[in-house]
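Residue-level structural notes
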Amino acid sequence: MASPTLVLRYHRFLVIVLVTIILSRSSADGYVRPMPRKDLSVPLAADADEFTPQQVHISQVGLEKMRVTWITDGDAPSTVDYGTSSGSYPFSASGSSDSYSYALIYESGQIHDVVIGPLNPDTVYYYRCSSNPAREFSFRTPPSKLPIKFAVAGDLGQTGWTKSTLEHIAKSGYDMLLLPGDLSYADFWQPRWDSYGRLVEPLASSRPWMVTQGNHEIEKVPLLGSPFKAYNARWRMPYDLSGSESNLYYSFDAAGGAIHVIMLASYADYDSSSDQHKWLAGDLAKIDRQKTPWVVAVIHAPWYNSNDDHQDEGEDMRKAMEELLYQARVDLVFAGHVHAYERFTRVYNNNADECGPVHITIGDGGNREGLATEYIDPQPKISVFREASFGHGQLDVVNGTQALWTWHRNDDDEAVVADKVWLTSLSSSPSCKK
Ligand SMILES: *[C@@H]1O[C@H](CO)[C@@H](O)[C@H](O)[C@H]1NC(C)=O
Ligand SMILES: [Fe+2]
């Protein structure tokens with residue numbers, strides 16, 4: 001039998017060990033930094049067969065239509081049956097399907113692409129894919145006017161932290177997700193794209209997910225295939241509607257045109273003679289700020305970043321394109337890539353500027369590479385808030401002048417509001433009006 005003093009000593013030892021572990025992982029505010037988590041493997045449901053629709057996700061096509069994308073392992077019709085009550089599908093639309101092979105060792109399933117609509121705004125639709133009665137899905141269309149609520153999360157991956165981030169987003173009551181690149185972290189291993197598709201399906205089949213790509217989407221194998229092969233095949237966005245010739249950059253309107261969102265490509269040419277640059281200049285020139293008080297741009301590699309990770313990687317693109325966004329009085333720029341959260345004040349050309357966009361890095365979705373915890377010291381004056389924790393953001397555009405931005409940290413699997421700021425549209429700023 002252990003003597004009481006020995007038990008006491010043993011307890012004291014345990015407490016010291018615990019305190020040491022906690023202190024070594026916590027910041028000045030006492031927040032315990034979460035460790036990276038491993039990839040989840042998301043299998044098909046046990047009763048699924050090769051004709052069962054899987055990896056369903058939707059994306060907006062203009063203000064009244066929706067693209068439904070899903071995969072079947074076997075040949076199944078590219079049809080979507082839909083309606084506004086469960087189990088009843090008075091409407092039907094058909095589209096096409098395609099597949100891709102990758103580096104001689106992987107053949108994708110049939111990737112189906114069907115655009116449905118016109119749809120009513122702010123309405124729940126029930127639908128089934130390939131006319132397969134086994135699975136019914138539903139989504140809610142975004143509202144046709146303000147207010148509208150975006151969820152924003154980059155560098156998601158498919159770990160336990162991704163799951164936690166997705167759970168918080170699901171509870172947020174959002175209308176549409178904006179994803180600033182780095183989706184699956186498949187990193188050449190194509191079955192991970194399928195696993196990711198199954199992981200995000202509950203959310204991505206019920207709200208439009210509007211994405212742009214990151215470096216993890218490139219997946220270029222020399223001689224064996226073009227870059228962005230899986231990304232372009234699986235995550236087709238409505239680029240053609242905005243006059244873009246590439247799925248890598250495009251723009252769209254939301255809330256009946258009150259918001260214009262521009263998705264840019266950090267890994268396509270962006271210099272002044274490039275197609276992307278010309279397209280962006282033309283796209284910005286078309287915006288009427290009387291009708292569209294909010295303009296948001298989304299990139300992958302941040303142009304402003306005080307984290308040690310990926311320093312200066314966005315600098316060439318910033319030099320090539322920042323003036324275009326500034327002259328157009330873009331309100332907000334979201335970026336990913338750095339696995340942390342950072343918010344800058346309004347900036348232009350490395351200085352605080354009341355007519356420049358607010359830049360926000362939101363690359364903390366939860367991928368397996370973990371967090372980027374080292375920062376440049378001291379914190380630059382233009383950096384308002386920075387923290388290396390997993391989480392997601394919410395942009396609540398209340399009306400034509402005000403929007404509320406909040407950052408929600410995955411605090412021990414709970415969503416905690418850690419940063420919050422009211423933003424005023426530059427279209428209503430007398431000194432920035434053009
Ligand atoms: C916009 O919303 C904000 C916050 O709720 C409110 O204070 C402001 O009066 C609204 N502005 C307009 C023009 O409705
Ligand atoms: Fe990245």
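Counting restarts for each chain, with residues numbered from 1 along the sequence as it is written. Each chain gets a letter, beginning with A, and each ligand a number, beginning with 1, in the order they are written. In view of the model being predicted, local features appear only for residues whose pLDDT reaches at least 70, and side-chain atom pairs are presented and counted only at 80 or more, with totals across whole chains, interfaces and linings using the full set of residues. For side-chain calculations, the full set of non-hydrogen atoms in the structure is used, while hydrogens and water are omitted.

Identification of the chain as Purple acid phosphatase from Iris pallida is taken from an unreviewed UniProt entry. UniProt positions are given in the numbering used here, feature names are shortened, and annotations may be inferred rather than shown by experiment. Heading Catalytic activity (unreviewed entry) of the UniProt record for the chain holds this comment: "a phosphate monoester + H2O = an alcohol + phosphate". UniProt, in its Sequence similarities (unreviewed entry) section for the chain, records the words "Belongs to the metallophosphoesterase superfamily. Purple acid phosphatase family."

**Digging into the packing of helix 2 (residues 160-170) against helix 3 (residues 191-204)**
Any two packed helices are characterised by how steeply their axes cross, that is the angle between the axes, and by the distance between the axes. Look at helix 2 against helix 3: their axes get within 10 Å of each other, and the N-to-C directions meet at 10°. Between helix 2 and helix 3, the angle is such that the two are roughly parallel. Packed against helix 2, whose contacting residues are Thr 162, Leu 166, Ile 169 and Ala 170, the element helix 3 presents Leu 199, Val 200 and Leu 203 at the interface. Lys, Arg, Asp and Glu make up the charged group, whereas Ala, Val, Leu, Ile, Met, Phe, Trp, Tyr, Cys and Pro make up the nonpolar group; the residues left over, Gly among them, are polar. Here the contact of helix 2 with helix 3 is composed, by residue class, of six nonpolar, one polar and no charged. To get an axis, a line is fitted to the C-alpha atoms, and for a helix only the part in contact is used. The angle between two axes follows their N-to-C directions and goes from 0 to 180 degrees. By definition, any uninterrupted DSSP run of H or I lasting at least four residues is a helix, any uninterrupted run of E lasting at least two residues is a strand, and each is numbered from the N terminus. With respect to orientation, any angle under 35 degrees is reported as roughly parallel, any angle over 145 as roughly antiparallel, any angle of 65 to 115 as roughly perpendicular, and every other angle as oblique. Contacts are residue-level and defined by heavy atoms, with any inter-residue pair within 4.5 Å sufficient.

**Looking at the environment of Leu 40**
Tracing the chain through its elements places Leu 40 in the loop between helix 1 (4-25) and strand 1 (54-61). Only protein chains enter the accessibility calculation, which uses a 1.4 Å probe; a residue is then buried when its area is under 20% of its type maximum, exposed when over 50%, and partly exposed in between. The class for Leu 40 is partly exposed, based on a relative accessible area of 29%. For Leu 40 and Thr 162, which are 122 residues apart along the polypeptide, the C-alpha to C-alpha distance reads 9.2 Å. When near neighbours in sequence (up to four residues on either side) are disregarded, Leu 40 contacts Gln 158, Thr 159, Gly 160, Lys 163, Ser 195 and Leu 199.

**A word on the pairing of strand 1**
Most of strand 1 is tucked away: eight of the eight residues are buried. At least two bridges found by DSSP between two strands are what make those strands a pair. Of the pairings in the sheet, the one linking strand 1 to strand 2 (residues 65-72) comprises six bridges and is antiparallel in character. Following the sheet pairing, Gln 60 is matched in strand 2 by Met 66. Between strand 1 and strand 2, which follow one another and run antiparallel, lie three residues, and Gly 62 among them has a positive phi close to 70°.

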